[in-house]
Amino acid sequence: MRTGPRCPEDQKLLIEELIGLGVMRRRRDGRIDLPDVYRIAFGVGRKGGVPRVAG
C-alpha cells in the first residue's frame, strides 16, 4: 500500500492535496492558512510571528 503525498515534487498539487485533506485552507484573499497545531508540529515558522520558547 502506498502512503504519503501523491505528487510531493509539485508544490501546487501538494498544497491542493493538503487543502482537500483539511490540513490547510485557502483564505478569501488567496493566502494559505496552516493551523498552529500543524505548524508547530512540523516546525514551520510564521512570518512576523513570535519565536517559540525553548523548553
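Conventions and cut-offs
- Sequence positions are assigned chain by chain, starting from 1 and proceeding in written order.
- Whole-chain, interface and lining totals are the exception, using all residues; otherwise, since this is a predicted model, local features are given only for residues with pLDDT of at least 70 and side-chain atom pairs are given and counted only at 80 or more.
- With hydrogens and water set aside, each side-chain value is computed from the structure's full complement of heavy atoms.
- Secondary structure elements follow DSSP: runs of H or I of four or more residues count as helices, runs of E of two or more count as strands, with numbering from the N terminus.
- For the exposure calls, accessible area comes from a 1.4 Å probe over protein chains only, and a residue counts as buried if that area is under 20% of its type's maximum, exposed if over 50%, partly exposed in between.
- The working definition used for a salt bridge is a side-chain nitrogen of Lys or Arg within 4 Å of a carboxyl oxygen of Asp or Glu.
- A cavity here means a set of points on a 1 Å grid, drawn over the protein atoms and nothing else, where a 1.4 Å probe fits but cannot get out; a pocket is an open set with protein on both sides within 12 Å along at least five of seven lines, and a residue lines either one if it has an atom within 4 Å of a point.
- Grid points are joined across faces, edges and corners, and a volume is the space filled by probe spheres set on the points.
- Here a polar contact means two N or O atoms within 3.5 Å. Within protein one must be a hydrogen donor candidate and the other an acceptor candidate, and residues neighboring in sequence count only if both atoms are side-chain atoms.
- A residue's pLDDT is simply how confident the predictor is in it, with values from 0 to 100.

### Some points on the side chain of R39
Then, number 1: Topologically, R39 is positioned in helix α2 (residues 36-41).
Then, number 2: Taking relative accessible area as the criterion, R39 reaches 15% and is therefore assigned buried.

### Regarding the environment of P35
Then, number 1: Considering the arrangement of structural elements, one finds P35 in the loop between β2 (32-33) and α2.
Then, number 2: P35 sits in the partly exposed class, given a relative accessible area of 31%.
Then, number 3: Sequence separation of P35 and M24 is eleven residues, and the distance between their C-alpha atoms is 7.0 Å.

### Let's talk about the pattern of salt bridges
Then, number 1: In this structure the tally under the stated criterion is five salt bridges.
Then, number 2: A salt bridge links R31 to D29; the nearest nitrogen and oxygen atoms lie 2.8 Å apart.
Then, number 3: Overall, the relative accessible area of 51% leaves D29 in the exposed class.
Then, number 4: A salt bridge links R39 to D36, with the nearest nitrogen and oxygen atoms 3.2 Å apart. A residue pair is termed a helical-turn pair when its members lie 3 or 4 positions apart in one helix, as R39 and D36 do in helix α2 at three residues.
Then, number 5: Under the relative-accessibility criterion, D36 is labelled partly exposed at 40%.
Then, number 6: Taken together, the shared-partner salt bridges in this structure form one network comprising R25, R27 and D33.

### Some thoughts on the layout of surface pockets
Then, number 1: Of the voids in this model, the largest pocket is the one considered here, and its volume is about 310 Å³.
Then, number 2: Lining the largest pocket, in full, are R27, R31, I32, D33, L34, D36, R39, V44, G45, R46 and K47.
Then, number 3: Contributing elements (two or more residues each) for the lining of the largest pocket: β2 and α2.

### Here's the deal with helix α1 (residues 11-21)
Side chains of residues three or four places apart in an α-helix project in the same direction, reflecting 3.6 residues per turn.
Then, number 1: Its side-chain oxygen at 3.2 Å from the backbone nitrogen of K12, D10 defines the N-terminal cap of α1.
Then, number 2: Backbone geometry just after α1 places G22 at a positive phi near 90°.

### So, the confidence of the model for the protein chain
Then, number 1: The predicted model of the protein chain has a mean per-residue pLDDT of 84, with 89% of residues at 70 or higher.
Then, number 2: Looking at the elements of the protein chain, mean pLDDT is at its lowest for α2, recorded as 84, and at its highest for strand β1 (residues 25-26), recorded as 94.

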